[in-house]
Amino acid sequence: MTKINKQWRLKARPVGEPSAETWDYTETEIPTITDGQLLIKVEYISIDPAMRGWLNDAKSYIAPVQIGEVMRAGTVGEVIESKHEKFIVGDYVAGHDGVQSYAVSDGANLYKVDPKLAPLSYYLGVLGMPGMTGYFGLLKTGQPKAGETVVVSGAAGAVGSLVGQIAKIKGCRVVGIAGGAEKCKFLVDELGFDATIDYKNEDVKKALKKTCPDGVDVYFDNVGGDILNDVLTQINLHARIVICGAISQYNNTTEVKGPSNYLSLLVNRARMEGIVVFDNIKEYPVAMKDIAGWIQSGDMKVKDHIVEGIETFPDTLMMLFKGENFGKLVLKVEG
């Protein structure tokens, strides 16, 4: 029986939110591999906010996805055929092989993973790009110190939930900003956050004053917009603002809304700095060892939000921008 490769390709660059017109769904036969190549059966696909930025034809830290190309995405899967000296049939590998059910690779930027050490989905989340982003963004850029107050937005997402837990491990007081009572309850009861702010049902600025009576020393920003502006009014002397993302602005059809309260950085001699995870790639093994140790010891808990069926990709992607995901959003290729 001929295997079919299901693929989602970029049809047109979206203005605002991606829609049905953004994508082409195709089914093709799987190509044969040549010397130096391997064939991967993709099992899980990572769904990340950064994917929206990759659709724009604009200068960034990585080239945009081109029209007609398979949509870029982090993946993990099994090698089912190999003519590559470093990979054998049965190996499990993680990489960026796109939104498709089978991928032909030359082995570049692939690394082996062990499904016996952790569930495969973890290698796209807590042990993958989101995990590395949270680890280095907080520890290297945010530089939290025991006793400081750390605020994180998008706190129930893949990066934010990890950031908050690492901050607790480092002895900080942690306040998470998330949408909805269920997410906020989870952050406190399950992940050990000290307090939360429900941005959907609370005045964020007032809630910050209440939950951060001693001000904010580190703010890890995943959302941008009004919430970033509100936090800037509460920062302490020499505060560190980590700019990881701005999901509230990604689908704008007007200009991106910047922080009007930026002079607070001057008054407080504070620092605002962006984080791009790939800058730390040589140090990934250190981070993965630390995170795996925290999971094993019970100091860190992991929550994955798995949606089944590659056919659901367009709707699954939009869950990110509607705040519907609870934990790391992962697409399981086969339902």
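Everything below is about the structure printed above this text.
Please read these numbers as outputs of a predicted model, since none were measured by experiment.

Next up on the list: the packing of aromatic side chains. Summed over the entire model, instances satisfying the criterion amount to seven aromatic pairs. Judged by centre distance (6.3 Å) and plane angle (25 degrees), the ring pair of Phe136 and Tyr284 falls under stacked. One end of the pair, Phe136, is in helix H2 (residues 129–142); the other, Tyr284, is in helix H8 (residues 284–297), with 148 residues separating them in the sequence. Using a relative accessible area of 4% as the deciding quantity, one classes Phe136 as buried. Given a relative accessible area of 16%, Tyr284 falls into the buried group. Taken together through their ring pairs, the aromatic side chains of Trp8, Trp23, Tyr25 and Phe313 make up a single cluster. Here the guanidinium or amino end of Lys303 rests over the ring plane of Phe186, the centre of that ring lying 5.6 Å away. One Lys or Arg, Lys303, reaches over the ring of Phe326 and ends 4.8 Å from the middle of that ring.

To continue, consider empty space enclosed by the protein. Under the defined criterion, the tally for this structure stands at one cavity of 30 Å³ or more. For the largest cavity, the calculated volume is near 140 Å³. Taken together, 17 residues make up the lining of the largest cavity; nearest its centre are Val126, Ala158, Ser161, Val302 and Lys303. When residues of the lining of the largest cavity are traced back to their parent elements, those giving at least two are H2 and helix H3 (158–169). A total of four residues in the lining of the largest cavity trace back to one element, the largest contributor, which is H3. Its residues placed into classes, the lining of the largest cavity shows seven nonpolar, six polar and four charged.

So, about the pattern of salt bridges. All chains considered together, the criterion is met by eleven salt bridges. The salt bridge involving Lys301 is made with Glu190; its shortest N-O contact spans 3.8 Å. With Lys301 in the loop between H8 and strand S14 (304–308) and Glu190 in the loop between helix H4 (181–189) and strand S10 (195–198), this residue pair connects regions lying 111 residues apart in the sequence. Using a relative accessible area of 40% as the deciding quantity, one classes Glu190 as partly exposed. Across the pair Asp226 and Lys257 runs a salt bridge whose closest N-O atoms are separated by 2.3 Å. Remark: Lys257 occurs in the loop between strand S12 (235–243) and helix H7 (263–267) and Asp226 occurs in helix H6 (residues 225–232); sequence separation between them is 31 residues.

Attention now moves to a nonpolar patch on the surface. There is a patch of nonpolar side chains on the surface, built from Tyr262, Leu263, Leu266 and Val267 and spanning about 440 Å² of accessible area. For Tyr262, the location among the structural elements is in the loop between S12 and H7.

Moving on: the sheet that holds strand S13 (residues 271–274). Taken together, the six strands give an open sheet; going across it, the order is S10-S9-S8-S11-S12-S13, and neighbouring strands pair in parallel fashion. Edge positions in the sheet fall to S10 and S13, since each of these pairs with one other strand and no more. Neighbouring strand axes in the sheet, compared pairwise and without regard to direction, differ in orientation by 15 degrees on average. With four bridges joining them, S12 and S13 adopt parallel strand pairing. Along S13, the bridge assignment pairs Val242 with Glu273. Here helix H5 (residues 204–211) sits on the sheet in contact with strand S8 (149–153), strand S9 (173–178) and S10, set at roughly 170 degrees to S10.

For the rest of this paragraph, the subject is H2. H2 sits mainly inside the fold: twelve of its 14 residues count as buried. Taken together, the buried positions of H2 are occupied by Met129, Pro130, Gly131, Met132, Thr133, Gly134, Tyr135, Phe136, Gly137, Leu138, Thr141 and Gly142.

Turning our attention to the layout of surface pockets. Roughly 870 Å³ of volume is contained in the second largest pocket. Looking at the second largest pocket, it is lined by 40 residues, and the ones nearest its centre are Gly95, His96, Asp97, Ala108 and Asn109. Broken down by secondary-structure element, the contributors of at least two residues to the lining of the second largest pocket are strand S1 (4–10), strand S2 (23–29), strand S5 (92–95), strand S6 (102–105), H2 and H8.

Their axes nearest at 10 Å, the elements H2 and H8 cross at an angle of 95 degrees. By the angle class used here, H2 and H8 are roughly perpendicular. Only Tyr284, Val286, Ala287, Met288, Asp290, Ile291 and Trp294 of H8 make contact with H2, whose side of the interface consists of Gly131, Met132, Tyr135 and Phe136. The residue makeup of the contact of H2 with H8, split by class, is nine nonpolar, one polar and one charged.

About the thresholds
- Residues numbered from 1 in each chain as written.
- Predicted model: local features only at pLDDT ≥ 70, side-chain atom pairs only at ≥ 80, totals over all residues.
- Heavy atoms only, no water.
- Phe/Tyr/Trp six-rings, centres within 6.5 Å; stacked < 30°, edge-to-face > 60°.
- Helix = DSSP H or I, 4+ residues; strand = E, 2+ residues; numbered from the N terminus.
- Buried < 20%, exposed > 50% of the residue type's maximum accessible area, 1.4 Å probe, protein only.
- Lys NZ or Arg CZ within 6 Å of the ring centre and 35° of its normal.
- 1 Å grid on protein atoms, 1.4 Å probe; cavity = no way out; pocket = protein on both sides within 12 Å on 5 of 7 lines; lining within 4 Å.
- Points joined across faces, edges and corners; volume = space filled by probe spheres on them.
- Nonpolar A, V, L, I, M, F, W, Y, C, P; charged D, E, K, R; others polar.
- Salt bridge = Lys/Arg side-chain N within 4 Å of Asp/Glu carboxyl O.
- Patch = residues over 30% accessible without salt bridge, like charges linked within 9 Å, V, L, I, M, F, W, Y side chains within 5 Å.
- Areas by Shrake-Rupley, 256 points an atom, 1.4 Å probe, with all protein chains shown as cover.
- Pairing = 2+ DSSP bridges.
- Axes fitted to C-alpha atoms, helices over the stretch in contact; angles between N-to-C directions.
- Contact = heavy atoms within 4.5 Å.
- Parallel < 35°, antiparallel > 145°, perpendicular 65-115°, else oblique.

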